[in-house]
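What follows is each chain in one-letter form.
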Amino acid sequence: MLPSPKSSVVLSDEDLGGQERRPGTPFLQRPGVVATVFLAPFLILFSVFRVWPIISAVSISLQDIQSIGQGEFIGLGNYGSLLDNESFIAALKNTALYTGGTLLLLVPIPLMLAALLHSGSVKAPGAFRTILFLPLLAGLVVVGVVFQLILTENGVMNAGLGLFGLPRLAWLDVPELALPSLLIVAVWRWTGINIVYFSTGLATIPNDLHEAAVIDGASGIRRFLHISLPLTKPIILFVSVLTLIGGFQLFVEPFILWAQQGGVGPNRAGMSIVVLLYRTAFTNFQLGLASAIGVVLALIITVIAIVQLRAFGFFARDETNSGRRRRSR
Amino acid sequence: MLTKSVRYLRILVMVVVLGMVVAACGGETGSDTTGAPDAPGETEAPGDEEPSGGGEVVDLTFWTFVQAHADFIESQAAEYNASQSEVEIRIESTSIDWDDMHNRLLIALQSGTGAPDLVDVEISRFGPFSRGEVQFHPLTDIVERNSENLVSERLAPYTVDGVPYGIDYHLGAYLMYYNTEITDAAGVDIDAIQTWDDYIEAGLKVKEEVGVPMTTIETSAGFSLNGLMLLNGGGRYDADNNRILEDPANIEAAEFIQSLIFEHEIAVVAPGTEHHAVEFFESFNAGESASFWMPQWYMIRFPENMPDLEGKIKVRPLPAFEPGGAVTTMGGGTGTAITLQIDPDKVEVAKDFLEFAKLTYDAQVKLWTVLGFDPFWLEVYDDPALAEPDPWFGNEPVMANIKDMLDRLIPEYTGPHYAEISTRMGDVMAFELFEEQRDAAEVFAEAEAEIAGME
């Protein structure tokens, strides 16, 4: 049934198109005009600050720009040079490992913690949630500086290891420890917000399902696996995609942790793609190559996000829903 | 049917929205004449205001990444104004973080607007500005007027095709910093160390007697490597701005440092991997190594970061690779340049001021007395102000010691990809050479291949 124009606040395109324009309606009162005027600020700003820079970046990526005010069209030359660019390959590897690590840590751990909080077995879950959420309120630069002090050879981390009789580690000076250092920061920083996301998802699951399962004799773990987990799938998908995008956009943490080294870490072990992009653009002033790195990064994120969405059945569900809608008409 | 008031309200809302859009998308309007004082590039034309000292007022904007440089230039402007009555310079200085300042400068020059009149450009960031059309005004005339007094090698890093574009704050002579508490305990006479063979012998003695390494090597920065590359006659570029990364002198220098670490075992990787790391400051302050080489400007790091070493540090030339060979070279640097975006009417005044601020006898004395840097004006080294003993550094006249090295100084030259080579040295080469003990020839060949691929 089509909604009545009088009872609906938001009109769909179909509704607007279906309205008959009465002769003599003032120009500014026509629905299309009003919609255009109200959308115009967003569309103009989006075009100027989003669409145009993207087009410009693609255009620059096809040029060799190494000196101010001068550029030469070289087609896909910058993209070709990335294939055997040692720095790019190292940055890609570091970023992929970091993103993989964050996906492995920042989805299951917060999900389990959220389930634990939701189960009622934790006293004062609100306080617990608040404490876990607090790291998100600290600025990333502050976090970076604090962790630089924590992870230094005479820092808190090594003091903690010493309590257990473990040897001191040069967290920020050894290539093998660069990725773990970044992951420690990521877990500390993002676990809380992910718990909040998962808690929201878990709260929407009807209690009836859990009660029925309890009556049937299901244990807590079985209820988590067969009720909570499947029903929080959209949240898991959401958090995964956010984590994935955040992982590939890694910049501030290595840039602060290894500030003296321009964010690359020992033997480039902490250098992310965005750090490389930044250094290529500004330190080395190779704008064409830097833009090519940016475009490739955007493509990587897009492709992986689509694959991830497909794997979770995101598109399939949409098709099913739209099929249902069609059938109901 | 809509009432008139509702209709007017709708029209009003639309007008407001449209107004916001226009305001958001519009650039500077002609009505904005407030001229925020800290807005980069906004300088007042000479003669716009009443001069306070009688001369024509010339406002010059100046960007730097060191507050001490800003203070120095401002104080020199005051001296300049007092020295003559024709022009009154007003410096509007802005001190910005190193990375940020160079990035902003690149963007301003690339976009054609917003660059300052005067700017400090660090040596490792100079390359991009020198590719294609150099973005600074030539300083040939003011340099030529003073050439007989200057240590001409100091102009090399900012010279492109024979034209100087920047004036430095210091000579940046490489020095060996000895902790004499350790060398004395080991029975080592630092004045007897003339060659690297002597240094190795002394290092073995220090290791045996005191149990600490003789020196530390950077693996995430290029000062340890670059210093000896230059001292051995190599470097990144030659005098004609040709890249010479694979020069045998560079490979020999790297292999020599490797021998200090792996063969003689008198050197270790610097704690924190570089000589500017907090870990290194703590370690050297605690007497965990006996010496290291860095440029002269590193001296100003000691009082604040290694306070326990007051009076114990003595500064000496680098050992020579062969008797009578070079004993110092140049490291780091920051050149003050005049950008092409300066008002053409101000160029001559800016050059005149730059000459006064840095290329006069008094200015060069102040480089030491005010900033703590080694001057690059030969006669200045005989000035009483530079002959005063420094209690912090063994109560010795440090500058007098540096003067004795100047005839055995190797210059450093730069070129268009100096920045990329700096990046490569700090990111990869030093680590591969001194942590992984990789073949030096291969490491330099790979670096050359990467840099060549950028052309």
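Residues numbered from 1 in each chain as written. Chains lettered and ligands numbered in written order. Predicted model: local features only at pLDDT ≥ 70, side-chain atom pairs only at ≥ 80, totals over all residues.

**Here's the deal with the overall build of chain B**
Part 1 of the reasoning: If you tally the helices and strands in chain B, you get 17 helices and 14 strands.
Part 2 of the reasoning: By residue count, 49% of the 455 residues in chain B fall in the buried class.
Part 3 of the reasoning: Relative to all contacts within chain B whose residues are 6 or more apart in sequence, the contacts with residues 24 or more apart total 74%. (Helix = DSSP H or I, 4+ residues; strand = E, 2+ residues; numbered from the N terminus. Buried ≥ 20, exposed ≤ 12 C-beta atoms within 10 Å, placed from the backbone. Contact = placed C-beta atoms within 7 Å.)

**Points about the interface of chain B and chain A**
Part 1 of the reasoning: Taken together, the contact pairs 37 residues of chain B with 31 residues of chain A.
Part 2 of the reasoning: Contributions of two or more residues to the side of chain B that touches chain A are made by helix H1 (4–25), helix H3 (98–111), helix H10 (278–285) and helix H16 (418–434) of chain B.
Part 3 of the reasoning: For the side of chain B that touches chain A, the element with the most residues is H1(B), which contributes 8 residues.

**Section: the environment of A:Thr152**
Part 1 of the reasoning: One can find A:Thr152 in the loop between helix H7 (140–151) and helix H8 (156–163).
Part 2 of the reasoning: The class of A:Thr152 is buried, set by 21 C-beta atoms lying within 10 Å.
Part 3 of the reasoning: Separated by 67 residues in sequence, A:Thr152 and A:Asn85 place their C-alpha atoms 31 Å apart.
Part 4 of the reasoning: Apart from the residues within four sequence positions on either side, A:Thr152 is in contact with A:Leu172, B:Val278 and B:Glu279.

**A short note on the domain arrangement of chain B**
All names here are of chain B.
Part 1 of the reasoning: Partitioning chain B into structural domains gives domain 1 (56–170 + 333–386) and domain 2 (174–329 + 417–452).
Part 2 of the reasoning: If you average the C-alpha positions of domain 1 and of domain 2, the two centres end up 30 Å apart.
Part 3 of the reasoning: Across the contact, 10 residues belong to domain 1 and 9 residues belong to domain 2.
Part 4 of the reasoning: Looking at the side of domain 1 that touches domain 2 residue by residue, the classes come out as 4 nonpolar, 4 polar and 2 charged. (Domains from an automatic or database assignment. Nonpolar A, V, L, I, M, F, W, Y, C, P; charged D, E, K, R; others polar.)

**Considering the pairing of strand S7 (residues 174–179) of chain B**
All names here are of chain B.
Part 1 of the reasoning: Among the 6 residues in S7, 6 count as buried, and that is most of the element.
Part 2 of the reasoning: Relative to strand S10 (residues 291–295), S7 runs antiparallel, the two being bridged by 5 bridges. From the neighbouring strand, Tyr178 faces S10, where its bridge partner is Ser291.
Part 3 of the reasoning: Note: S7 against strand S11 (residues 313–316), 4 bridges, orientation antiparallel. Bridge assignment links Tyr178 to a residue of S11, and that residue is Lys314. (Pairing = 2+ DSSP bridges.)

**Remarks on the domain arrangement of chain A**
Residue and element names in this part refer to chain A.
Part 1 of the reasoning: Domain annotation for chain A reports domain 1 (23–77) and domain 2 (82–328).
Part 2 of the reasoning: Taking only C-alpha atoms, the centre of domain 1 and the centre of domain 2 are 32 Å apart.
Part 3 of the reasoning: Contact with domain 1, which involves 9 residues of that partner, is made by 8 residues of domain 2.
Part 4 of the reasoning: Those elements that provide at least two residues to the side of domain 1 that touches domain 2 are helix H2 (31–61) and strand S1 (63–67).

**Brief notes about the sheet that holds strand S13 (residues 334–338) of chain B**
Residues and elements named next belong to chain B.
Part 1 of the reasoning: Read from one edge of the open sheet, 5 strands run S2-S1-S3-S13-S6, paired in mixed fashion. The sheet terminates laterally at strand S2 (87–95) and strand S6 (167–168), the two strands that pair on one side only.
Part 2 of the reasoning: In this sheet, S13 lies alongside S6 in antiparallel orientation, the contact comprising 2 bridges. Looking across to S13, one finds that Asp168 is bridged to Gly335.
Part 3 of the reasoning: Lying on the sheet, helix H12 (residues 347–358) is in contact with strand S1 (56–64), S2, strand S3 (118–122), S6 and S13; it crosses S13 at an angle near 155 degrees. (Axes fitted to C-alpha atoms, helices over the stretch in contact; angles between N-to-C directions.)

**Regarding the confidence of the model for chain A**
Part 1 of the reasoning: Summarising the model, chain A shows a mean pLDDT of 85, and 89% of its residues fall at 70 or more.
Part 2 of the reasoning: When the elements of chain A are averaged for pLDDT, helix H1 (residues 13–18) of chain A gives the smallest value, 47, and helix H4 (residues 86–106) of chain A the largest, 95. (pLDDT = per-residue confidence, 0-100.)

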